[in-house]
Structure formats: C-alpha cells, structure tokens
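# A look at the structure
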Amino acid sequence: MKQMKLWMLAAILIISGASVLTSCGNEDNSIVTPQQPPAKEYFTLWNQCEALTALQDFVKDVTDSASANFIPAEDRIATFDMDGTFVGELYPSYFEYNLLEYRALDDANYDAPKDVMETAQEIRDFVRNGKKLPDHFDMKHALAAAKAYSGMTLAEFDAYVKAYAALPANGFSGMTYGESFYKPMLEVFDYLKDNGFTYYVVSGSDRFICRALTESIGIPSNRVIGMDVKLHSTSQGDVEGVNYTMGREEYLVRTDELIIKNLKTNKVLQISQEIGKVPVLSFGNSGGDAAMHNYALGNQKYKSAAFMLIADDDQRDHANREKALTLGEQWRTAGYHVISMRDNFKTIYGEGVTKTDFSFPVDTRVLTEWQAGRTVSQADVDAFGGIEKCFAAEPIPDDVWARMQGKTYKENPYIGRDDLRHIRALHWDYDQQMHVGEMIVNAQIADRVVSILRQLFDAKYPIQRMLLPDVYNADDETQMRDNNSSSFCYRAIAGSTKLSKHARGLAIDINTLYNPYYKDRADGTRYIQPATAEAYCDRTWDFPYKITHDDLCFRLFTAAGFEWGGDWTSCKDYQHFEWVE
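Residues numbered from 1 in each chain as written. Predicted model: local features only at pLDDT ≥ 70, side-chain atom pairs only at ≥ 80, totals over all residues. Heavy atoms only, no water.

Time to look at the nonpolar core. Grouped together as the largest cluster of nonpolar side chains are 76 residues, with contacts concentrated most on Leu55, Phe80, Phe86, Phe95, Met185, Leu192 and Leu281. With seven residues, helix H2 (residues 50-62) is the largest single contributor of residues to this core. Apart from residues lying up to four places away in sequence, Leu192 is in contact with Leu55, Val59, Ala78, Phe80, Phe197, Leu281 and Phe283. Formed by 45 residues, the second largest nonpolar core is a distinct cluster that contains Val366, Ala446, Leu456 and Leu556. (Core = buried A, V, L, I, M, F, W, Y, C linked by side-chain atoms within 4.5 Å. Buried < 20%, exposed > 50% of the residue type's maximum accessible area, 1.4 Å probe, protein only. Helix = DSSP H or I, 4+ residues; strand = E, 2+ residues; numbered from the N terminus. Contact = heavy atoms within 4.5 Å.)

Take a look at the structure:
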C-alpha cells in the first residue's frame, strides 16, 4: 500500500515535471497570458482640431497627480449650456420657443390668454416670415411660458414635453426633436465622465424641459439647472409654503410666477447656489454663456478652460455661416476655444439624418374659428376660400356674445344683441404681416365699415390690432395703450357721465395710442387718453399710424358719412370716427 502511494506520488511529479519542461521548451504549448482589453477609443466622431487637442491636453494635465495643475476629482466640475451646445436649436428655433408656439397656437385643448398668444405669434412670424423678434424677447417668452404651462403637475408637463419631442424635427429627415443631439458633443460627456469630471447642464431653457430632453442621454435630473417658475402643491392655493404642510396625496404644480430666467450672469448665480464650486470647464455657444465662461476662467484655485461652439455648417444644418464665423473670431478674442461644427464634426446628428427645407402646414383653423390677433399667410387665406370670405358683417356668434357679457355689453334699455353686428376683417401692420381682426358695430353702419376696412386692407394701410375690447376686460385706457382699434363698448364719454356713441356701436377708434384723445382744462392742465400718449398730442412731427387730413383712413370714413374727432375744437380725438345721424 505504501509502495503504491509512492508510485502515485512519483507519477504526479513526473507529469508535473513534464509540464514544466514542455512549457519551457515547446512554443506550441506556451503559457497563454490574459489579454488586456483594448483601450477605449474616444472622439470617433471628431476630426482632429485645435479645440479637441486643447480639451485632451487640459484633461490629461489636470488629472495627472504629478502635475502642478492636478485637480482632485471632487473639484473637476464642467458646465454645459444646452440649446446650440449639445442640442440642436435650428429647427427652426429653440425647442422651448417651438413648444410655446405649438401650445398657444395649435393645441386645441388650450385657450391662450392674449399675451401668451401674442408672444407665440411673434415666434411664428419670426420663424415663417423672418420678422425680427422684439428686444428683450427672452424675458417676454419666459413670462409667457410661465403662464402657458401654469396648473400642470410636473408629471403632466414632463409628458407634454416628451410628446412634443417625439414629433419629427422640422427641417430634417430621420430625426425627432428629442433625438436632435450633436453626437460629437455626447462623446465629450463620455470622455469627461471617464476622467472623473462631474458635468452639469446650465441652460436658459426651462429646467423641466431640459430634464425631459436630457433624460434619454443619462444626465441625472439633479445636474440640470435652468429657468425656473414657482411651484406649489395641488391643494396649497394662495397659502405660502412656509405656512402650509403638503399632504401625502398631493402633487407639485407649476405656477405662472417666474423666479429666474437663467441667462448671462444669472447662470453664474445659479451655479454658485446649486453647485457651490467654481467650474474648471465651461461649454457654450452664444453671448448668453459668456458670463458662465468667464466665471470658470476666473477660477482662482485651478487651471480652467472654456469652449464655444459655432453653428457654421450650412450644409448639414440650418446655419448662418457668415454670422457664425464672425462670432468665432469674437470668441477667440475673448480667450475661448472655438469648436467648428463644419470643420470639427464628422457628423452632427448621426447617420441617416439629412437636412431638408422647413415645411409649415396651411392653417385654416385660425380663419374657420376666426381667432382675432393671429397672423395668417396668403396660402392660409386661399385654403379658407379667398379674401372675399374674410370680410363680412354677421349676427354676433354665441361664443362672442358670451365673451362680451359684463364687459363691453351690459344690460341696458338702449341697445341689444340684434342691434349689433360682428365684423370679421383682415388687416395689415407695418410689419407687412396679414392679421385677423374683429369688431362689433351697430347694424346701421356694419356694411359701410366692412367696405372701409376692405379698402384699407387692399391699400395695406397699417392697423396694428383689431381685437374686441373684451380682451382687455373692456378697460378703455388699457386697450388704447395697446394701440387697439375697436368700436362697440357700452360706456360713457371719457371724463363725463354721458353715453358715448361707442355705447351704440356708432363710433370707430383707429390706432388709438398714436391718435390720442385730449382736452385742455380751464386750470391749464391737459386730460389725455391714453395717458401714455402725450408725445402724440403734438401733430407737427411724423410717426407711425398718424391720422391726418391727407390720410386714407380719414378720407374713407368721412366720405362714408363719419365725422373725425381730430376736427373738433373743444377737444381733440384723433383716433375717433363717429357716424353722423
């Protein structure tokens, strides 16, 4: 037994030795060493360029523990603007602008207030007709957007944004709005993450829009900073949060109160408050990001860098190359690295995505439902049935009559619904856009007024607004300050208790801000309506919308049997034409 055990041990040793000898002397049976996984390849969608080299050199330097510029991982903070930096913004405008335009003008389930509709219309006119947006439009949009989504729970708003994001992106084939990421910039996120950086989205767009869009690329919601509106819980009402305890079954709801528009220095303030550290990397694409860049470049503790992307590719994107190149020189002078979409990106949106012409549907709903204040195109009018169909005087529709109650119409013994007519008409403004207008007038003069408005339209005479005063809660001062043109409103003459001819729909006011009413009092003071129109009481200088004796509006109304308040001697009412009975 003992001998057998020894033989077995010997056999084991012999086999082991053979193995050792074989491994040393036979190349065909050499030891196979574990293979190292291939090094991860970054920036496969980039061309080699100065900006990319600068980024890679920066990261290599600050992540090298032996470097004098080493930055600990906890301080490797990078901030990214969103629109135009890693999300497309040229389809044909910012995502949040497109969304508001849809919400106010196309969503049949939403009845937009006047200011929201007007803001959305300005976006549409900019997009479709090239009309310049008003100055400081970013704030006007922010206030309108706050109001447009007020009352939505956060879950409802998130679903609303994602539903719109699922639509095909205008101006491209093969891509939805929610897929419109600059694919090379997504590689930057991946690279920074693997090198111990924490990145944040710091956008001028609504925080919850940004969260909805960036969720699909794995950016945590707590790393998204954007425009903010005040929230409250579903049952909170007007009680301040400090005095209210939210229940378990309640939800958070958006309000119409804007907290901050996250642009320029506001980005810096939000970064300081929410991150608590000065970034060492900053990425953007516009002047709204310059403050954020400068904040990073002013980092007193660590080496830093800033990058500006320019939309200079007019073949694969809807870019203004000349403007982009001018901005590129401006950003280089400011000390930022410039990323060229045309020269630095092998692709923008990925394979299968191609640029197309923008397309806009013909919108007959505006005319079918006669949505006063909206802009329409000639194609819209043609689809509706032509210009002739857009001018008429008819009995007041039920929905219009309902809007008038307690505002322009009050129960009285002098005039009723059957005595009035609803006029629909188109009109032009100085912007050369065609607008939908409406007016309530006395049945006696309805056909005359329609004829005058049609002649003014044919001559492209500018009338800025033609809305019912009910839009302004029948407040005459407010509608006049807005340069609105109208007729019927059951009210007294300004400064008296006597009923105005407007109370019977026998007077028309045109372009009211620039053609004010005024009366000089015995004490030397002057009563002016609207109060903001003092400058336009001086009729010796030229300004838009001014009515004079040589004016077409004056000639048409007076030839049709109206007298002009500008000819009165006891007072002047340059906007006013009233029927002579």
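At a minimum axis distance of 11 Å, the contact between helix H3 (residues 95-105) and helix H5 (residues 137-148) shows a crossing angle of 50 degrees. When the axis of H3 is compared with that of H5, the two are oblique. Of the two possible hands of crossing, H3 and H5 adopt the one that is left-handed. For the pair H3 and H5, contact is made by Glu96, Tyr97, Leu100 and Arg103 and by Phe137, Asp138, His141, Ala144, Ala145 and Ala148, respectively. Here the contact of H3 with H5 is composed, by residue class, of six nonpolar, one polar and three charged. (Axes fitted to C-alpha atoms, helices over the stretch in contact; angles between N-to-C directions. Parallel < 35°, antiparallel > 145°, perpendicular 65-115°, else oblique. Left-handed = near helix turned anticlockwise from the far one by under 90°. Nonpolar A, V, L, I, M, F, W, Y, C, P; charged D, E, K, R; others polar.)

As a further point, take the sheet that holds strand S1 (residues 77-80). The pairing of strands in a sheet comes from backbone hydrogen bonds and takes either a parallel or an antiparallel form. What the seven strands build is an open sheet, ordered S5-S4-S3-S1-S6-S7-S8; its pairing is mixed. Bordering the open sheet on either side are strand S5 (252-260) and strand S8 (337-340), each of which pairs with just one other strand. Put simply, the sheet's adjacent strands are angled 35 degrees from each other on average, direction ignored. Pairing geometry for strand S4 (residues 224-233) and S5, over five bridges, is antiparallel. Residue pairing across strands places Val229 opposite Leu258, the latter belonging to S5. Contacting S1, strand S3 (198-206), S4 and S5, helix H9 (residues 265-274) runs over the sheet at an angle of about 135 degrees to S3. (Pairing = 2+ DSSP bridges.)

This part covers the packing of aromatic side chains. Enumeration over the complete set of coordinates arrives at 42 aromatic pairs. Plain terms: the ring middles of Tyr518 and Tyr574 are 6.2 Å apart, the flat faces sit at 45 degrees to each other, and that makes the pair tilted. Of this pair, Tyr518 sits in strand S15 (residues 517-520) while Tyr574 sits in the loop between strand S18 (572-573) and strand S19 (576-579), and the two are 56 residues apart along the sequence. Their ring planes at 70 degrees and their centres at 5.3 Å tell us that Phe554 and Trp564 sit as a pair that is edge-to-face. (Phe/Tyr/Trp six-rings, centres within 6.5 Å; stacked < 30°, edge-to-face > 60°.)

Before going further, it helps to spend a moment on the pairing of strand S7 (residues 305-310). S7 sits mainly inside the fold: six of its six residues count as buried. Every second residue of S7 is oriented toward a common face, with Ala305, Phe307 and Leu309 on one face and Ala306, Met308 and Ile310 on the other, all of them buried. Bridge count for strand S6 (residues 281-284) against S7 is four bridges, and the pairing is parallel. By the bridge assignment for S7, Gly284 is matched with Met308. In this fold, the crossover linking S6 to S7 by way of helix H10 (residues 290-297) has right-handed handedness. Taken together, the four bridges between S7 and S8 define a ladder with parallel strand orientation. Bridge pairing links Phe307 to His337 in S8. Taken together, S7, helix H11 (residues 321-333) and S8 constitute a β-α-β crossover, and its handedness is right-handed. (Right-handed = clockwise from strand over helix to strand, strands pointing away.)

Next up on the list: H11. End to end, H11 covers 19 Å across 13 residues, agreeing with the expected 18 Å (1.5 Å per residue, within 8%). Every buried residue of H11 is listed here: Ala324, Gly328 and Trp331. Looking down the long axis of H11, one finds its buried residues gathered within 70 degrees of arc, a one-sided arrangement. Pointing more than 90 degrees away from the buried face of H11 are the exposed residues Glu322, Lys323, Thr326 and Thr333. In the segment just after H11, Gly335 is the residue with positive phi, at about 95 degrees. (Expected span 1.5 Å × (residues − 1). Arc of directions from axis to C-beta.)

With that settled, the discussion passes to the sheet that holds strand S14 (residues 507-509). The strand order across the open sheet formed by three strands is S14-S19-S17, and the pairing between neighbours is antiparallel. Edge positions in the sheet fall to S14 and strand S17 (562-564), since each has one partner strand and no second. Averaged over all neighbouring strand pairs, the angle between strand axes comes to 20 degrees, with direction disregarded. Note: S14 against S19, three bridges, orientation antiparallel.

Moving on, we get to the confidence of the model for the protein. Confidence in the prediction for the protein averages 93 pLDDT; 93% of positions are at 70 or higher. Counted against residues more than four places away or in other chains, residues 1-27, with its pLDDT under 50, gives two contacts. (pLDDT = per-residue confidence, 0-100.)

Along the chain, Tyr91 connects to Pro92 via a cis peptide bond; the corresponding omega equals -15 degrees. Within the secondary structure layout, Pro92 lies in the loop between S1 and H3. With omega at -5 degrees, the peptide bond leading from Gln529 into Pro530 counts as cis. One can find Pro530 in the loop between strand S16 (526-529) and helix H18 (552-559). Residue His136 is not a glycine yet carries a positive backbone phi of 60 degrees. Taking the relative accessible area as the measure of exposure, His136 reaches 67% and is therefore exposed. Even without a glycine there, the phi angle at Ala474 is positive, about 60 degrees. In this structure Ala474 comes out as buried when scored by relative accessible area, which is 19%.

Glancing now at the environment of Phe189. Along the chain, Phe189 falls in helix H7 (residues 183-194). We classify Phe189 as buried; its relative accessible area is 5%. Taking C-alpha positions, Phe189 is 11 Å from Tyr42, a pair spaced 147 residues apart along the chain.

The next point concerns the side chain of His427. Mapped onto the fold, His427 is located in strand S12 (residues 420-428). Within the structure, the side chain of His427 is placed 2.7 Å from the backbone oxygen of Ile463, a separation counted as a polar contact. (Polar contact = N/O pair within 3.5 Å; in protein donor to acceptor, adjacent residues only side chain to side chain.)

Along the chain, the position of Asp429 falls in the loop between S12 and strand S13 (434-442). One buried charged residue, Asp429, forms no salt bridge at all, with the nearest opposite charge on Lys131 at 5.2 Å. Side-chain polar atoms of Asp429 contact the side chain of Tyr545, separated by 2.6 Å. The residues touching Asp429, leaving out its near neighbours within four places in the chain, are His435, Pro462, Ile463, Gln464 and Tyr545. (Lys, Arg positive; Asp, Glu negative; His and termini not counted. Salt bridge = Lys/Arg side-chain N within 4 Å of Asp/Glu carboxyl O.)

This part covers H18. Along an α-helix, residues three or four apart share an orientation, since each turn contains 3.6 residues. Every buried residue belonging to H18 is among Cys553, Phe554, Leu556 and Phe557, and all of these are buried. Contacts from the buried residues of H18 go to helix H16 (446-458), S14, S17 and S19. Between a side-chain oxygen at the N-terminus of H18 and the backbone nitrogen of Cys553 the separation is 3.1 Å; the capping residue is Asp551. Just past H18, the residue Gly561 takes up positive phi, approximately 105 degrees.

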